[in-house]
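Working through the structure, step by step
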Amino acid sequence: MLLPCPNCGARNVSEFRYVGEAKTRPDPTTVTPQEWRRHLYLHRNPAGWTRETWYHGSGCRRYFAIERNTVDNAVRTAGATS
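Residues numbered from 1 in each chain as written. Predicted model: local features only at pLDDT ≥ 70, side-chain atom pairs only at ≥ 80, totals over all residues. Heavy atoms only, no water.

So, on to the layout of surface pockets. The calculated volume of the second largest pocket comes to roughly 150 Å³. Lining of the second largest pocket is provided by Tyr18, Val19, Gly20, Glu21, His43, Asn45, Pro46, Thr50, Glu52, Arg68 and Thr70. Sort the elements by how many residues they give to the lining of the second largest pocket and strand β3 (residues 17–21) lands first, with 4 residues. Of the residues assigned to the lining of the second largest pocket, the class counts are 3 nonpolar, 5 polar and 3 charged. (1 Å grid on protein atoms, 1.4 Å probe; cavity = no way out; pocket = protein on both sides within 12 Å on 5 of 7 lines; lining within 4 Å. Points joined across faces, edges and corners; volume = space filled by probe spheres on them. Helix = DSSP H or I, 4+ residues; strand = E, 2+ residues; numbered from the N terminus. Nonpolar A, V, L, I, M, F, W, Y, C, P; charged D, E, K, R; others polar.)

Here the focus is the sheet that holds strand β6 (residues 75–80). Hydrogen bonds between backbone groups are what pair the strands of a sheet, and the pairing can be parallel or antiparallel. The strand order across the open sheet formed by 4 strands is β3-β4-β5-β6, and the pairing between neighbours is antiparallel. Two strands in the sheet have a free side with no partner beyond their single neighbour: β3 and β6. Between one strand and the next, the sheet's axes are offset by a mean angle of 30°, whatever the strand orientation. Pairing between strand β4 (residues 49–55) and strand β5 (residues 63–69): 7 bridges, direction antiparallel. Paired with Thr50 across the bridge in β5 is Arg68. (Pairing = 2+ DSSP bridges. Axes fitted to C-alpha atoms, helices over the stretch in contact; angles between N-to-C directions.)

Note: β3 against β4, 4 bridges, orientation antiparallel. In the sheet register, Tyr18 faces β4, and the bridge partner there is Trp54.

Further remarks concern the side chain of Thr50. Structurally, Thr50 can be placed in strand β4. For Thr50, a relative accessible area of 9% gives the class buried. (Buried < 20%, exposed > 50% of the residue type's maximum accessible area, 1.4 Å probe, protein only.)

On a regular strand, each side chain points to the face opposite its neighbour's, so the side chains alternate between the two faces of the sheet. Within β5, 5 of the 7 residues are buried, which leaves it mostly tucked inside the rest of the structure. Linking β5 back to β6 in an antiparallel pair, the connection comprises 5 residues, with Asn73 at a positive phi of about 60°.

Before going further, it helps to spend a moment on a nonpolar patch on the surface. A cluster of nonpolar side chains, Leu40, Tyr41 and Leu42, forms an exposed patch at the surface whose accessible area comes to about 340 Å². Of the residues examined, Tyr41 reaches a relative accessible area of 61% and is grouped as exposed. (Patch = residues over 30% accessible without salt bridge, like charges linked within 9 Å, V, L, I, M, F, W, Y side chains within 5 Å. Areas by Shrake-Rupley, 256 points an atom, 1.4 Å probe, with all protein chains shown as cover. Salt bridge = Lys/Arg side-chain N within 4 Å of Asp/Glu carboxyl O.)

By the secondary structure assignment, Lys23 is in the loop between β3 and α1 (33–41). Residues Lys23 and Thr53, spaced 30 residues apart in sequence, show a C-alpha to C-alpha distance of 9.1 Å. For Lys23, the contacting residues outside a window of four places in its chain are Arg38, His39, Leu42 and His43. At 2.7 Å, the side chain of Lys23 and the backbone oxygen of His39 are in polar contact. (Contact = heavy atoms within 4.5 Å. Polar contact = N/O pair within 3.5 Å; in protein donor to acceptor, adjacent residues only side chain to side chain.)

See below:
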């Protein structure tokens, strides 16, 4: 499988580390323990398009987000994370 790194171009997936589905982190000053646990351990894992974060450890060493179809591994977009 090839992943399109926004900095290095298309590379083999073995150069990357899957970080997880892209989601908003809760505010640590107001989050309850139950909400924090849900954020850390409960994931949607849908069959179809999902937004994910990857780390290019063997290349530019940057994090980026992609939209990937979990059924056929097709990639729709790639971009740097903020």
